[in-house]
Amino acid sequence: MAGHSKWANIQHRKGRQDAKRSKAFTKAAKEIIIAAKGGGDPAGNARLRAAIAAAKAVNLPKDRIENAIKKGTGELAGGDIAEVMYEGYGPGGVALLIEAATDNRNRTVAEVRHLLNKGGGSMGEAGCVGWMFDRKGVVTVDKDKISEEQIMELGLEAGAEDVIDQDATWEVRAALADFEAVRSAFEEAGIEIASAEMAMIPQNTIEVDAQVGQKLLNLVDMLEDNDDVQNVWANFDLSDEAMAELA
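Described below are features of the structure shown in this document. (Residues numbered from 1 in each chain as written. Predicted model: local features only at pLDDT ≥ 70, side-chain atom pairs only at ≥ 80, totals over all residues. Heavy atoms only, no water.)

Here we take up the overall build of the protein. Along its length, the protein carries 9 helices and 10 strands. Considering only C-alpha atoms, the protein reaches an extent of 50 × 45 × 30 Å along its principal axes. Within the protein, the proportion of its 247 residues that are buried is 49%. Pairs at least 24 apart in sequence give 72% of the contacts found in the protein among residues at least 6 apart. (Helix = DSSP H or I, 4+ residues; strand = E, 2+ residues; numbered from the N terminus. Buried < 20%, exposed > 50% of the residue type's maximum accessible area, 1.4 Å probe, protein only. Contact = heavy atoms within 4.5 Å.)

Another aspect to go through is the sheet that holds strand β7 (residues 195-202). Strand order in the open sheet made by the 4 strands is β5-β6-β4-β7, with antiparallel pairing throughout. Each edge of the open sheet is held by one strand with a lone partner, namely β5 (162-166) and β7. For this sheet, the mean angle separating the axes of adjacent strands, direction not counted, is 35°. Bridge count for strand β4 (residues 133-142) against β7 is 8 bridges, and the pairing is antiparallel. Each bridged residue has a counterpart across the sheet, and for V139 the counterpart in β7 is A196. Here helix α6 (residues 148-158) sits on the sheet and contacts β4, β5 and β6 (169-174); the angle it forms with β6, its principal contact strand, is near 15°. Packed on one face of the sheet, helix α7 (residues 176-188) meets β4, β6 and β7 and runs near 0° to β4. (Pairing = 2+ DSSP bridges. Axes fitted to C-alpha atoms, helices over the stretch in contact; angles between N-to-C directions.)

A few words now on the side chain of N45. Mapped onto the elements of the fold, N45 is located in the loop between α2 (21-36) and α3 (46-57). Side-chain polar atoms of N45 contact the backbone nitrogen of R47, separated by 3.2 Å. (Polar contact = N/O pair within 3.5 Å; in protein donor to acceptor, adjacent residues only side chain to side chain.)

Two numbers describe how helix α5 (residues 105-118) lies on helix α8 (residues 210-225): the axes approach to 9 Å, and their chain directions differ by 160°. For the element pair α5 / α8, the angle class is roughly antiparallel. Between α5 and α8 the crossing geometry is right-handed. Together, V112, L115, L116 and K118 of α5 and L219, M222 and L223 of α8 make up the contact between the two elements. (Parallel < 35°, antiparallel > 145°, perpendicular 65-115°, else oblique. Left-handed = near helix turned anticlockwise from the far one by under 90°.)

Relative orientation of the contacting elements α3 and α7 amounts to 35°, with a least axis distance of 7 Å. Read as a crossing pair, α3 and α7 show a hand that is left-handed. For the pair formed by α3 and α7, the contact residues are A46, R49, A50, A53 and K56 on the first element and L176, A177, F179, E180 and R183 on the second. The residue inventory of the contact of α3 with α7, partitioned by class, reads 6 nonpolar, no polar and 4 charged. (Nonpolar A, V, L, I, M, F, W, Y, C, P; charged D, E, K, R; others polar.)

One pass over the structure, following the stated rule, counts 12 salt bridges. The salt bridge partner of K143 is D165, with a shortest N-O separation of 2.6 Å. Separated by 22 residues along the polypeptide, K143 in the loop between β4 and α6 and D165 in strand β5 bring together distant segments of the chain. Among the salt bridges present, the one from E171 reaches R173, with a minimum N-O distance of 2.6 Å. (Salt bridge = Lys/Arg side-chain N within 4 Å of Asp/Glu carboxyl O.)

Turning to a negative patch on the surface, a few remarks are in order. A cluster of acidic residues, E148, E149, E153 and E157, forms a negative patch at the surface. Within the element layout of this structure, E148 appears in helix α6. (Patch = residues over 30% accessible without salt bridge, like charges linked within 9 Å, V, L, I, M, F, W, Y side chains within 5 Å. Areas by Shrake-Rupley, 256 points an atom, 1.4 Å probe, with all protein chains shown as cover. Lys, Arg positive; Asp, Glu negative; His and termini not counted. Charge placed at Lys NZ, Arg CZ, Asp CG, Glu CD.)

The next subject is the packing of aromatic side chains. Scanning all chains against the criterion turns up 0 aromatic pairs. Directly above the aromatic system of W170 lies the positively charged group of K143, at a separation of 4.7 Å from the ring centroid. (Phe/Tyr/Trp six-rings, centres within 6.5 Å; stacked < 30°, edge-to-face > 60°. Lys NZ or Arg CZ within 6 Å of the ring centre and 35° of its normal.)

Pasting the structure below:
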């Protein structure tokens, strides 16, 4: 499938997934608040369904999920958060999408621009790279939890579009409308899920060497450490040889 990359697995191996429980909770709650602005009923809001699924995957408490929905719909104070997507380039000309949730756009854009420049990248104009990515729901399962035959059967029967081999994990991709059904299928089958989230999947990737790859990973680290940044996506791939150099 176009867009296959080791990106998620690179993050996993290098410990670049959310390391702190509190940060994961904050990120999940912000996504629910933003999604709920489009309607507080998950049945009629595919993005909210996906956000709730992702929140459950990091064990966000039920009351916090409910409060986040109410903040998004305006029933509770604290929903004054805007979603902003920044587009730019990293070392090697790699495309970057940086999703932020902020209550101060001026502060956030200045910080993101500074981090991009510091890491050898640059901010781009709106639309410069966004067309290279598709928004999907992604469920990740460790390979020791399920066989290839099982995950193909479960995922595709539940409505998944594809199952990707990511070395140590299986990555199940689905349209947002089918994301909750796919996640639920694994949960009901008693299969432990490593993560369930929305992601911007690159349509194609470019391979970079270990030197450029290290610069990109350092840049992504800096961006993800920013309190307003929710997610960073990129369209680069690393060969097994380059991965070994970074190990």
